Amino acid sequence: MGKIIAVTNQKGGVGKTTTAVNTAAGIAKMGKKVLLVDIDPQGNATSGVGIDKRSVRYSSYSVMVDNIPAADAVIHTKFDNLDLIPSGIELAAAEIELVEVERREARLKNALTMVKASYDFIFIDCPPSLGLITTNAFCAADTLLVPIQPEYYALEGLSQLMSTVRKVKRRYNQYLDIEGVLLTMYDGRLNLTQQVVEEVKRFFPRKVFSAVIPRGVRLSEAPSFGMPIMYFDKSCKGAASYMQLCEEIIQNNR
């Protein structure tokens, strides 16, 4: 039965999609069967694994709004053991269209229940907001993986996120937990980085991953080639860091 991990941070530009794509691809490369679900209307996770958003027949919008079975929306990517439910631009309107729908917060959960048994892990790439689409991910997920950039505003965002998590736990998904917090765009030479890391560890004792993701040109280049970093340049620091993260996740879920 697949574990569902939502990759989330309502603050944009923290490496959320990079983390979703590379963690999903890395764990798949290690022999696990993985599904990546793109529910960000920007669809960057979709193009990040080499799928053209304009060519897809069904998307996460079809699944959440039109009730298309999740299995019908699954695309096999060219990467080992990695499948995708793609996003499309129409997803931007989903929040409005779902407002009148009964149990609207559980649409994604109900859809993924039908394919969960086929995968070891399901990763959901959330939009950079805390709206209804993200609430769907939180209802469906077992745990949340939270990438944060070690900077001054990061902690402010974390307290907002945790407030939403508490509401979701109270109303919809009492078992929701934190998989871990991942430090991205990491530069250990900066004093501010060290201060933020200490604060985050205080905020989330025992939940901060040992793996940290450095800034890197190759990490930034990989999405434009539609490739996860471990396929684009497996010798770069970013690839090694994401593979270390994947090992940690598998270890924690033994």
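These numbers come from a predicted model, not from an experiment.

Engineer: If you had to explain the sheet that holds strand β6 (residues 143-148) to someone new, which residues and values would you point to?
Structural biologist: With mixed pairing, the eight strands of this open sheet are ordered in space as β3-β4-β2-β5-β1-β6-β7-β8. Sheet topology places β3 (75-76) and β8 (208-214) at the edges, where each strand pairs with a single neighbour. Pairing geometry for β3 and strand β4 (residues 82-85), over two bridges, is antiparallel. Opposite isoleucine 75, over in β4, you have leucine 84 as the bridge partner. Packing of helix α1 (residues 16-29) onto the sheet brings it into contact with β1 (3-7), β2 (34-38), β4, β5 (121-125), β6 and β7 (177-186), and relative to β5 it is tilted by some 165 degrees.

Engineer: Describe the pattern of salt bridges, with residues and values.
Structural biologist: This structure, assessed with the given rule, holds eleven salt bridges. The closest approach of N and O atoms between arginine 202 and glutamate 199, which form a salt bridge, is 2.1 Å. With a gap of three residues between them, arginine 202 and glutamate 199 both fall in helix α9 (residues 191-203), about one helical turn apart. Relative accessible area serves as the criterion here: at 60%, arginine 202 is assigned to the exposed category.

Engineer: Go over the packing of aromatic side chains, please, and point to the residues and values.
Structural biologist: Applying the stated criterion across every chain, the model contains four aromatic pairs. Arranged with centres 6.1 Å apart and planes meeting at 20 degrees, the rings of phenylalanine 121 and phenylalanine 123 form a pair that is stacked. Classification of phenylalanine 121 as buried rests on a relative accessible area of 6%. Directly above the ring of tyrosine 231 sits lysine 29, whose terminal nitrogen or CZ lies 5.2 Å from the centroid.

Engineer: Any chance you could break down the nonpolar core for me, citing the residues and the numbers?
Structural biologist: Grouped together as the largest cluster of nonpolar side chains are 49 residues, with contacts concentrated most on Leu35, Val37, Ile39, Leu112, Ile124 and Leu144. Beyond its immediate stretch of four places on either side in the chain, leucine 112 contacts Ile4, Leu35, Val37, Ile85, Ile122, Ile124 and Ala140. Among the nonpolar cores identified, the runner-up in size contains 37 residues, and Ala20, Phe79, Leu84 and Ala222 belong to it.

Engineer: Please provide a residue-by-residue account of unusual backbone geometry, values included.
Structural biologist: We note that arginine 103 has phi near 50 degrees; this positive angle belongs to a residue other than glycine. For arginine 206, which is not glycine, the phi dihedral falls at a positive 65 degrees. Relative to the elements of secondary structure, arginine 206 occurs in the loop between α9 and β8. Accessibility expressed as a relative area gives 82% for arginine 206, which makes it exposed.

Engineer: An account of a nonpolar patch on the surface is needed here, citing residue identities and associated values.
Structural biologist: The grouping of Tyr152, Tyr153, Leu190 and Leu192 at the surface amounts to a nonpolar patch, some 460 Å² of accessible area in total. Assignment of secondary structure puts leucine 190 in the loop between β7 and α9.

Engineer: Break down the pairing of β7 for me, with residues and values.
Structural biologist: For β7, the tally of buried residues reaches seven of ten residues, placing the bulk of the element in the interior. Sheet topology places β6 next to β7; six bridges connect them, and they run parallel. Paired with threonine 143 across the bridge in β7 is aspartate 177. Once you follow β6 into helix α8 (residues 154-171) and on to β7, the crossover reads as right-handed. Looking at chain direction, β7 and β8 are connected through three bridges and run parallel.

About the thresholds
Residues numbered from 1 in each chain as written. Predicted model: local features only at pLDDT ≥ 70, side-chain atom pairs only at ≥ 80, totals over all residues. Heavy atoms only, no water. Pairing = 2+ DSSP bridges. Helix = DSSP H or I, 4+ residues; strand = E, 2+ residues; numbered from the N terminus. Contact = heavy atoms within 4.5 Å. Axes fitted to C-alpha atoms, helices over the stretch in contact; angles between N-to-C directions. Salt bridge = Lys/Arg side-chain N within 4 Å of Asp/Glu carboxyl O. Buried < 20%, exposed > 50% of the residue type's maximum accessible area, 1.4 Å probe, protein only. Phe/Tyr/Trp six-rings, centres within 6.5 Å; stacked < 30°, edge-to-face > 60°. Lys NZ or Arg CZ within 6 Å of the ring centre and 35° of its normal. Core = buried A, V, L, I, M, F, W, Y, C linked by side-chain atoms within 4.5 Å. Patch = residues over 30% accessible without salt bridge, like charges linked within 9 Å, V, L, I, M, F, W, Y side chains within 5 Å. Areas by Shrake-Rupley, 256 points an atom, 1.4 Å probe, with all protein chains shown as cover. Right-handed = clockwise from strand over helix to strand, strands pointing away.

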